[in-house]
Amino acid sequence: MGVVKGSPKACLFIGFLFILNLGFCVFAQETSNEERKIYVVHLGVRQHDDSELVSESHQRMLESVFESEEAARDSIVYNYHHGFSGFAARLTDSQAKQLSDRPDVFSVTPNRKVQLQSTRVYDYLGLPPSFPSGILHESNMGSDLVIGFLDSGVWPESPAFNDEGLGPIPKHWKGKCVAGEGFDPAKHCNKKLVGAKYFTDDWDEKNPGNPITEDEFMSPRGLIGHGTMVSSIAASSFVPNASYGGLAPGLMRGGAPKARIAMYKVAWDSVTMGSTTANMVKAFDEAINDGVDVLSISLASVAPFRPIDAITEDLELGSFHAVTKGIPVIAGGSNTGPDAYTVANVAPWLLTVAATNVDRTFYADMTFGNNITIMGQAQHTGKEVSAGLVYIEDYKNDISSVPGKVVLTFVKEDWEMTSALAATTTNNAAGLIVARSGDHQSDIVYSQPFIYVDYEVGAKILRYIRSSSSPTVKISTGKTLVGRPIATQVCGFSSRGPNPISPAILKPDIAAPGVTILGATAEDSPGSFGGYFLGTGTSYATPVVAGLVVLLKALHPDWSPAALKSAIMTTAWKTDPSGEPIFAEGEPRKLADPFDYGAGLVNVERAKDPGLVYDMNLDDYIHYFCVTGYNDTAITLITGKPTKCSSPLPSILDLNYPAITIPDLEEEVTVTRTVTNVGPVDSVYRAVVEPPRGVTIVVEPETLVFCSNTKKLGFKVRVLSSHKSNTGFIFGSFTWTDGTRNVTIPLSVRTRVLNP
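What counts and what doesn't
Residues numbered from 1 in each chain as written. Predicted model: local features only at pLDDT ≥ 70, side-chain atom pairs only at ≥ 80, totals over all residues. Heavy atoms only, no water. Buried < 20%, exposed > 50% of the residue type's maximum accessible area, 1.4 Å probe, protein only. Helix = DSSP H or I, 4+ residues; strand = E, 2+ residues; numbered from the N terminus. Polar contact = N/O pair within 3.5 Å; in protein donor to acceptor, adjacent residues only side chain to side chain. Patch = residues over 30% accessible without salt bridge, like charges linked within 9 Å, V, L, I, M, F, W, Y side chains within 5 Å. Areas by Shrake-Rupley, 256 points an atom, 1.4 Å probe, with all protein chains shown as cover. Salt bridge = Lys/Arg side-chain N within 4 Å of Asp/Glu carboxyl O. Lys, Arg positive; Asp, Glu negative; His and termini not counted. Charge placed at Lys NZ, Arg CZ, Asp CG, Glu CD. Pairing = 2+ DSSP bridges. Axes fitted to C-alpha atoms, helices over the stretch in contact; angles between N-to-C directions. Disulfide = S-S within 2.5 Å. pLDDT = per-residue confidence, 0-100. Contact = heavy atoms within 4.5 Å. Phe/Tyr/Trp six-rings, centres within 6.5 Å; stacked < 30°, edge-to-face > 60°. UniProt positions renumbered as here; feature names shortened; annotations may be inferred. Left-handed = near helix turned anticlockwise from the far one by under 90°. Nonpolar A, V, L, I, M, F, W, Y, C, P; charged D, E, K, R; others polar.

Draft legend 1. Structural view of helix α17 (residues 618-627). A large share of α17 lies buried, amounting to 7 of its 10 residues. Buried within α17 we find D620, Y621, I622, H623, Y624, F625 and C626. Sitting at the amino-terminal end of α17 is N617, which places a side-chain oxygen 3.0 Å from the backbone nitrogen of D619.

Draft legend 2. Structural view of a negative patch on the surface. On the surface, a cluster of negative charge is contributed by D49, D50, E52 and E56. Relative to the elements of secondary structure, D50 occurs in the loop between β2 (37-44) and α1 (51-63).

Draft legend 3. Geometry of the sheet that holds strand β34 (residues 660-665). Here 5 strands make up an open sheet; going across it, the order is β34-β41-β40-β36-β38 and the pairing mixed. Bordering the open sheet on either side are β34 and β38 (703-706), each of which pairs with just one other strand. Each strand axis lies, on average, 20° off the axis of its neighbour in the sheet, ignoring direction. Bridging between strand β36 (residues 683-690) and strand β40 (residues 729-737) involves 5 bridges; their strand directions are antiparallel. By the bridge assignment for β40, R686 is matched with T737.

Draft legend 4. Summary view of the state of the cysteines. According to the stated counting rule, one finds 2 disulfides in the structure shown. With its sulfur 1.9 Å from that of its partner, C177 forms a disulfide with C189. Disulfide C177-C189: the torsion about the S-S bond is -100°, which places it as left-handed. Of this pair, C177 sits in the loop between β7 (146-151) and α6 (185-188) while C189 is found in the loop between α6 and β8 (193-198), placing the two residues 12 residues apart along the sequence. Across this residue pair, the class does not change: C177 and C189 are buried. Each sulfur in the disulfide pair C626 and C645 lies 2.0 Å from the other. On the sign convention where negative is left-handed, the bridge of C626 and C645, at about -85° about the S-S bond, is left-handed. On the criterion of sequence distance, the pair formed by C626 in helix α17 and C645 in the loop between α18 (632-639) and β34 is long-range, its members being 19 residues apart.

Draft legend 5. Up close: the pairing of strand β25 (residues 472-475). Side-chain alternation along β25 places V473 and I475 on a buried face and T472 and K474 on a face that remains uncovered. Pairing of strand β17 (residues 360-368) with β25, which is carried by 3 bridges, proceeds in the antiparallel orientation. Each residue of the ladder has a partner; that of T367, found in β25, is K474. Sheet topology note: the strand β20 (residues 385-391)/β25 ladder contains 4 bridges and is antiparallel. Across the sheet, residue A387 finds its bridge partner in β25, namely V473.

Draft legend 6. Highlighting the sheet that holds strand β37 (residues 695-700). Strand order across the open sheet formed by 4 strands is β33-β35-β39-β37, with antiparallel pairing between neighbours. Pairing within the sheet leaves two strands with one partner each, and these edge strands are β33 (612-613) and β37. Sheet topology note: the β37/strand β39 (residues 712-721) ladder contains 6 bridges and is antiparallel. Note on β39: the bridge partner recorded for V699 is V717.

Draft legend 7. View of the confidence of the model for the protein. Across the protein, pLDDT averages 84, with 84% of residues at or above 70. Below pLDDT 50 for its whole length, residues 1-32 participates in 135 contacts with residues either more than four positions away or in separate chains. Across residues 114-118, where pLDDT falls below 50, the model places 47 contacts with residues more than four positions away in sequence or in other chains.

Draft legend 8. Summary view of the packing of aromatic side chains. The final tally for this structure, using the stated rule, is 21 aromatic pairs. Measuring from ring centre to ring centre gives 6.1 Å for F106 and Y630, while their planes differ by 20°; the resulting arrangement is stacked. Note on Y630: relative accessible area 11%, which makes it buried. Ring centres 5.1 Å apart and planes at 80° place the aromatic pair F715 and W736 in the edge-to-face group. With F715 in strand β39 and W736 in strand β40, this pair connects stretches of sequence that are 21 residues apart. The class of F715 is buried, set by a relative accessible area of 3%. Overall, the relative accessible area of 0% leaves W736 in the buried class.

Draft legend 9. Inspection of the UniProt feature "active site" (unreviewed entry) in the protein at higher detail. The sites that carry the UniProt feature "active site" (unreviewed entry) are, in the present numbering, D151, H226 and S539. Taking the farthest pair of C-alpha atoms as the criterion, the annotated set spanning 389 residues converges on one region, since that pair is 10.2 Å apart. With respect to the helices, strands and loops of the structure, H226 is situated in helix α8 (residues 226-235). By the secondary structure assignment, S539 is in helix α13 (residues 538-555). At 3.1 Å, the side chain of S539 and the side chain of H226 are in polar contact.

Draft legend 10. Representation of the packing of α8 against α13 in the model. Packing of α8 against α13 leaves a shortest axis separation of 7 Å and a crossing angle of 35°. Crossing of α8 over α13 shows right-handed handedness. Taking contact as the criterion, the partners of H226, M229, V230, I233 and A234 in α8 are, on α13, S539, Y540, P543, V544 and G547. Class assignment for the residues of the contact of α8 with α13 results in 7 nonpolar, 3 polar and no charged.

Draft legend 11. The arrangement of the side chain of N656 in detail. As for its placement among the helices and strands, N656 is situated in the loop between α18 and β34. Of note is the side chain of N656, whose polar atom sits 2.8 Å from the backbone nitrogen of T674. Those residues within four positions of N656 in sequence are excluded, and the remaining contacts are Y614, D615, M616, D620, R673 and T674.

Draft legend 12. Main features of the packing of α17 against α18. Contact geometry for α17 and α18: axes closest at 10 Å, N-to-C directions at 145°. The two elements α17 and α18 cross, and the hand of that crossing is right-handed. Residues L618, I622, F625 and C626 of α17 lie in contact with α18, whose contacting residues are I635, I638 and T639. Of the residues contributing to the contact of α17 with α18, the split by class is 6 nonpolar, 1 polar and no charged.

Draft legend 13. Spatial organisation of the environment of A387. Mapped onto the elements of the fold, A387 is located in strand β20. Assessed through its relative accessible area of 12%, A387 is described here as buried. When the C-alpha positions of A387 and V406 are compared, they lie 6.3 Å apart, and in sequence the two are 19 residues distant. Sequence-distant contacts of A387, that is, excluding residues within four places in its chain, are made with G404, K405, V406, A430, T472 and V473.

Draft legend 14. Highlighting α18. For α18, every residue scored as buried is listed here: A634, I635, L637, I638 and T639. Backbone geometry just after α18 places G640 at a positive phi near 75°.

Draft legend 15. Local environment of the pattern of salt bridges. A complete count under the given rule lists 21 salt bridges for this structure. K565 is paired through a salt bridge with D509; the nearest N and O atoms lie 3.6 Å apart. Taken together, the residues span a long stretch of sequence, with K565 in helix α14 (residues 561-570) and D509 in the loop between β27 (489-490) and β28 (510-513) at a distance of 56 residues. Classification of D509 as buried rests on a relative accessible area of 0%.

So, in structure tokens, the structure goes:
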């Protein structure tokens with residue numbers, strides 16, 4: 001049994017999402033009555049290799065706004081001195097303003113709240129462990145790499161973290177496990193769980209109305225199961241006979257089952273659950289210094305519409321420094337779909353993930369009194385139920401006939417499904433059948449029958465109820481259906497593009513399964529069945545991709561994060577693995593496009609040999625900073641490279657991104673890209689274009705010839721519109737092919753004949 005502390009507490013894991021709400025609040029000289037709050041001060045690249053000297057420079061800077069050396073020292077919450085330079089300190093608004101006005105300060109942001117977002121997967125993606133060859137075995141399952149998670153902690157007793165068969169801890173690893181409440185490094189860490197740290201940021205002092213719950217552990221141990229879930233999805237060891245109450249039974253493993261895990265606990269169980277940006281920035285700094293190889297971040301902004309200088313957000317700054325140190329950062333695109341412009345984590349150095357389902361569904365058979373059997377979606381973990389059947393039009397008020405019966409009701413919105421469940425459960429209903437328009441994934445796990453059907457099926461059931469004087473239904477125990485006819489679709493909750501900050505940068509980048517994903521949690525955790533849970537959200541699609549990036553990096557340790565990202569994007573499936581089209585949930589359902597799933601569904605077997613990559617380095621990111629409005633001083637601070645932006649500024653369309661997105665095409669524009677050959681030395685590629693409707697694409701040159709002396713080649717893409725009026729985005733694709741390898745990027749073009 002695991003550690004048990006305090007009274008049991010219900011934790012809802014469905015669709016968890018870390019939500020980051022950031023802003024800018026800086027004013028200007030301290031008065032004795034001003035309240036002190038925690039601010040995160042970012043200074044850019046370290047000026048010293050000695051971390052003590054970096055910390056001393058922070059102290060001197062704070063002394064300039066405090067009345068004494070001691071007061072300055074007492075104000076410090078965290079020093080960031082490994083991957084970059086900065087600190088978190090308790091400051092008044094006026095002190096924050098004084099610091100923000102200094103030319104050697106890149107940004108000053110108030111510490112803000114972070115809230116929770118939220119194993120058929122790898123077989124579905126073409127990575128069964130039984131295959132004798134393939135990237136899983138060629139990479140030794142990621143054994144020499146460490147994947148880090150900024151999340152809610154870990155439950156170390158889970159069999160997902162067993163280290164059976166693992167070799168020594170990688171020599172480059174410098175991290176450690178930190179002792180704390182209910183967490184003993186000597187007992188709970190091993191050759192699998194190689195790092196575990198926690199960051200509290202004086203939570204209770206800063207959040208007097210939202211204290212950490214008594215049940216939470218002041219240690220890397222996580223009361224919230226989210227961190228255990230995501231780390232197990234990415235890198236669980238092999239666990240036989242894993243299931244959630246009999247659903248999804250089989251061998252559980254992560255995408256990189258031999259990779260080592262490092263947990264950085266930044267999220268805490270409180271009234272509203274969450275973390276702060278100061279915690280996250282410190283965790284980034286520690287992870288860089290510890291030697292993580294890949295970072296998986298299930299964090300996202302609460303509101304996508306942020307100002308143009310949103311790059312000063314601490315998650316994006318921390319991830320930028322990680323990427324420039326060679327660490328890929330994979331982040332969820334958020335759970336606020338299906339509306340347009342809702343995608344989060346849109347910085348070009350992040351690999352941003354959308355969520356799809358898999359070719360598996362959970363269902364129950366409903367046999368009615370007229371001997372007709374209908375299948376409905378259900379994650380029903382309880383016993384077979386036989387009961388009377390009643391239709392309730394107003395589940396909020398008309399509930400007198402509910403006790404002991406199965407209820408049918410119709411709803412329009414997602415929230416109504418859980419509201420109806422709560423109302424019927426409170427009134428002792430035997431079960432609930434919810435009919436809703438559209439094609440949606442039900443992700444509610446419940447011991448009593450909770451069944452989802454569409455309106456058409458709901459209408460059939462209603463006709464039966466009205467035709468019978470005593471309607472009844474028998475509901476089977478939950479069952480699992482794998483393979484066809486389950487269609488792959490981008491989930492309705494998965495946030496959509498276009499990119500709300502930089503529309504010329506495609507987001508999301510890639511899609512991966514994120515619905516009812518089996519993962520580990522605490523055995524004694526409410527909602528857990530034997531230490532397992534079924535999670536839904538981009539939070540769970542993110543570690544799927546992170547685990548696959550570990551495999552890819554193990555094969556290609558010299559590739560940059562941008563090269564790894566390019567390989568993932570240019571080789572993605574545009575259909576599901578069986579060749580069927582990918583749809584996008586919404587009203588109405590439609591074929592998925594790049595704003596739904598980015599470049600497509602991740603296909604890591606093809607990504608290991610992409611042929612060409614669209615690589616990016618520090619100069620490319622400086623290009624991005626320049627075109628998004630940063631001045632030379634700020635860019636020099638954040639990058640550590642003396643910078644003078646050109647005049648006129650370069651075009652953001654020329655950023656060497658593995659997608660071409662043109663949000664405002666008036667007549668024609670020419671876009672440039674560069675590709676690097678990572679395949680056979682002597683290779684010849686020719687251009688193949690599927691242009692957006694009404695758009696002409698001209699590629700110059702049409703053929704690329706590589707040899708031992710030519711590994712990089714540039715090309716131009718001329719884009720011309722024949723549309724005579726404004727259009728929405730129209731989609732196509734552009735491919736370089738050598739006859740074996742197809743290097744494909746999405747084309748997204750919107751014509752603007754007249755700007756309103």
